[in-house]
Amino acid sequence: MPKLASLLLLLPAIASVSSSSLRAQEFDKISVLLIDGQNNHNWKVTTPLMEQILEGSGRFAVDVATASGRGENSEPFSPEFSEYDVVVSNYNGQLWSEATQKAFEKYVASGGGFVSVHAADNSFPQWHAYNRMIGLGGWGGRSEKNGPYVRWKEDQQRFTRDLSPGRGGTHGKRVPFLVIVRDTDHPITAGLPKTFMQAADELYGKLRGPAENMHVLATGFSAPATGGTGEHEPLLMTIQFGEGRVFHTTLGHDDNAMKGLAFQVTLQRGVEWAATGTVKQPAVNGTKLTSDVPATRNPADVRPDEFSAIPDVMSKGWTTLFNGKDLSGWSQKNGTATYRVEKQMIVGKTAQGSPNSFMCTTSDYENFELTFEVNDDPGLNSGVQIRSLSKADFNNGRVHGPQVEIENAPGESGYLYSEGTGRGWITKQQPVKDAYQNGKWNRFVVRAKGDRIQTWVNGVAIADIVDAESSKKGFIGLQVHGIKRDAGPFEVRWRDIRVRELK
Ligand code: ZN
């Protein structure tokens, strides 16, 4: 609330600037410049929809720059590209001025993000650098002179480049189609289902272009039965242009296509990636992004993610799990490490020859926020189990389930590990970001709701995963890891352990 209030106070002063790049700074949002003004598509309808899809998520601040109209002098259109993290094009029309072309090339080449949406890849057939940015384009007289067709060949399980003569650009009837992810590790597609349906849209085919430094993330089968090419055509691509990252989506013909959750999610993730090189938005799993029928959502209904903010450990509703005096409400499982209470702390101490030990709550928790402080000796691996189980019929009662990792930096504190199951790390694709401070008290915050688990260490967001196998009810447990012979003894201390259950 204080932030909002201060913004409202600021507004009159900055009204003449009205720049969302300023708002972006205020709220740590990604600043987006969305370009329109000419298109053989209804840009006056689709630009506001893209604004809703991006701004509605709470992660982007969008400014729109409308280029000169058809036949008008293009000189006045000269946006300050460099004020933005990423430029998104909903433009298909006459060439920009020489100066604006050069400014845009410089912006992307020096590290600016660019996103080409649907017919933006029809634009500028004669602008060489632009075609290198988008990788592939269609129509506008494009032919074999512009570069190959790029297709996924199912029988060869690879992409091929076809330089045979022919025009660039075609599409069949507008029908729903399956988006097939060809790279499940890229930040844009990581965590999405392998296949998902897009709402009725044009499936572009026969695109041609330089296709340099281009990586196809997903394809769609252009079905002959609906007038298509019979090929697996690229739908989502990334292109490196100098230092700049480009995301190219051929989806998004009209308002109906933009209702497709497939369009919305890939646009949101692609714009974030082009701007930052990473994607912090949570993955969307197959229960929402369905592969049998297309999932749809009115762009006006896109809302900020309820999970975007770190739980406030100072607010009301928290219940203490540790009374500071004794271990009532806790019981030890597995190993023989010792746990004692001292100065409002639970102190775990290693024992020679012991397997991993756990001090566990006697109550189970399913949907909750958890916070604690921890100070771990160098050399001792530790962690806090959540949603964990110990069953006689599973490895003789071995404690198993998701563990929030604790260890001295450099390490993986805050990452999620699947203890006792053989699955290994649950956190994948996470940039190494170590917020743990050795020799000090470290504040951990965890939110577990449904199939999603998030962690923060000292206020820094570390893990944010969607994992159906971790969606269980179970105890919370403090781990003292087993140690090598002749190592230790080591200690790990916890204090201020609190939980707040969620509905
Ligand atoms: Zn179209």
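Rules and cut-offs
- Residues numbered from 1 in each chain as written.
- Predicted model: local features only at pLDDT ≥ 70, side-chain atom pairs only at ≥ 80, totals over all residues.
- Heavy atoms only, no water.
- Helix = DSSP H or I, 4+ residues; strand = E, 2+ residues; numbered from the N terminus.
- Buried < 20%, exposed > 50% of the residue type's maximum accessible area, 1.4 Å probe, protein only.
- Contact = heavy atoms within 4.5 Å.
- Areas by Shrake-Rupley, 256 points an atom, 1.4 Å probe, with all protein chains shown as cover.
- Lys, Arg positive; Asp, Glu negative; His and termini not counted.
- Charge placed at Lys NZ, Arg CZ, Asp CG, Glu CD.
- 1 Å grid on protein atoms, 1.4 Å probe; cavity = no way out; pocket = protein on both sides within 12 Å on 5 of 7 lines; lining within 4 Å.
- Points joined across faces, edges and corners; volume = space filled by probe spheres on them.
- Nonpolar A, V, L, I, M, F, W, Y, C, P; charged D, E, K, R; others polar.
- Core = buried A, V, L, I, M, F, W, Y, C linked by side-chain atoms within 4.5 Å.

Student: Where do I start with the overall build of the chain in this structure?
Tutor: Across its full length, the chain carries 7 helices and 28 strands. When the backbone C-alpha atoms are referred to their principal axes, the chain occupies close to 80 × 60 × 40 Å. Burial statistics for the chain: of 503 residues in total, 55% are counted as buried. Once local pairs closer than 6 in sequence are excluded, the contacts in the chain between residues at least 24 apart make up 68%. In the form shown here, the chain has an accessible surface area of approximately 21,600 Å², with 50% of it arising from carbon and sulfur atoms. Here the chain contributes 55 positively and 56 negatively charged side chains, and the mean placements of these two sets differ by 3 Å.

Student: How do you make sense of empty space enclosed by the protein when you look at a structure like this?
Tutor: If a probe the size of a water molecule is rolled over the atoms, the empty space left behind becomes visible. In total, this model carries 3 cavities of 30 Å³ or more according to the counting rule given. Empty space within the largest cavity amounts to approximately 50 Å³. Every residue lining the largest cavity is listed: Asn39, His41, Thr46, Asn90, Val117, His118, Ala119, Gly252, His253 and Met258. In terms of residue class, the lining of the largest cavity is made up of 3 nonpolar, 7 polar and no charged.

Student: Would you mind going over the nonpolar core with me for this structure?
Tutor: Within soluble globular proteins, side chains that are nonpolar tend to cluster in buried spots. Val32, Val86, Val115, Phe263, Leu267, Val271 and Leu289 are the most contacted members of the largest nonpolar core, which has 40 residues in total. Looking at this core, the element that brings in the most residues is helix H7 (residues 261-276), giving 9 residues. In contact with Leu289, other than residues within four places in its own chain, are Leu192, Pro193, Phe196, Leu261, Ala262, Val265 and Val284. Counting residues in each nonpolar core, the second largest holds 39 residues, with Phe372, Ile386, Ile483 and Phe490 among its members.

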